[in-house]
Amino acid sequence: MKVLNFIKRALTWWDCQTLNTQFYTWRKGIKVGGDEQGNVYYRTKDDRRRWVIYSGETEASRVNPEWHGWLHRTWDTPPSDQPLPRKDWQKPHVENLTGTARAYAPAGSIRKEAPKAHKDYEAWLPSDQ
């Protein structure tokens, strides 16, 4: 099983960090902080590169807005050192749920309720010729 996990980590990137990313993080990464989802954020000593190691599936929507701003250099101070002020109307960050069972379904959606049988019309059938 360990060999299979090693091969999987060497050849895939969508399940967890690859071996190259783990080696690069070990050599040059300085841990900056983490978020409530378990993602861990790193930077190089000269702050030329910033990256995230996801806990679980590699999905960009799992990065909350505060850390997204730091990763993309919108601000220099990481949220672990200086949290952004939050308004009372702001909702907590939620990952993109599209394509999952927890995705939004509006009222009347066939995902929420079974379609209703309409008995007020008769279906058209082609006439025999």
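Colleague: Could you clarify how one ought to interpret the sheet that holds strand β2 (residues 40-43) in this entry?
Modeller: Strand pairing within a sheet occurs via backbone hydrogen bonds; the two strands may be parallel or antiparallel. Here we have 3 strands laid out as an open sheet, ordered β1-β2-β3, and antiparallel in their pairing. Since the sheet does not close on itself, it has two edges, and those belong to β1 (30-34) and β3 (50-53), each with one partner. Strand-to-strand twist in this sheet, taken as the mean axis angle between neighbours without regard to direction, amounts to 30 degrees. Examined bridge by bridge, β2 and β3 share 4 bridges and lie antiparallel to one another. Counterpart to R43 in the pairing with β3 is R50. Sheet strands in contact with helix α2 (residues 19-28) are β1, β2 and β3, and its direction is about 125 degrees off that of β3.

Colleague: Is there a simple way to explain a nonpolar patch on the surface in this structure?
Modeller: A surface patch of nonpolar side chains, amounting to about 440 Å² of accessible area, comprises V3, F6, I7 and L11. Relative to the helices and strands, L11 is located in helix α1 (residues 2-11). Using a relative accessible area of 66% as the deciding quantity, one classes L11 as exposed.

Colleague: Any chance you could explain the confidence of the model for the chain here in plain terms?
Modeller: Note that predicted coordinates carrying low pLDDT should not be read in detail. In this model, the chain carries a mean pLDDT of 85, and residues with pLDDT of at least 70 account for 91%. Within the chain, the element-level pLDDT minimum falls on α1, averaging 74, and the maximum on β2, averaging 96.

Colleague: So what exactly am I meant to see when it comes to unusual backbone geometry here?
Modeller: For residues besides glycine, phi is generally negative; the peptide bonds are generally trans as well. Unlike most non-glycine residues, D47 shows phi in positive territory, near 60 degrees. With respect to the element layout, D47 can be found in the loop between β2 and β3. In the Ramachandran plot, R73 falls in the positive-phi region, its phi being about 60 degrees despite a non-glycine side chain.

Criteria and thresholds
Residues numbered from 1 in each chain as written. Predicted model: local features only at pLDDT ≥ 70, side-chain atom pairs only at ≥ 80, totals over all residues. Heavy atoms only, no water. Pairing = 2+ DSSP bridges. Helix = DSSP H or I, 4+ residues; strand = E, 2+ residues; numbered from the N terminus. Axes fitted to C-alpha atoms, helices over the stretch in contact; angles between N-to-C directions. Contact = heavy atoms within 4.5 Å. Patch = residues over 30% accessible without salt bridge, like charges linked within 9 Å, V, L, I, M, F, W, Y side chains within 5 Å. Areas by Shrake-Rupley, 256 points an atom, 1.4 Å probe, with all protein chains shown as cover. Salt bridge = Lys/Arg side-chain N within 4 Å of Asp/Glu carboxyl O. Buried < 20%, exposed > 50% of the residue type's maximum accessible area, 1.4 Å probe, protein only. pLDDT = per-residue confidence, 0-100.

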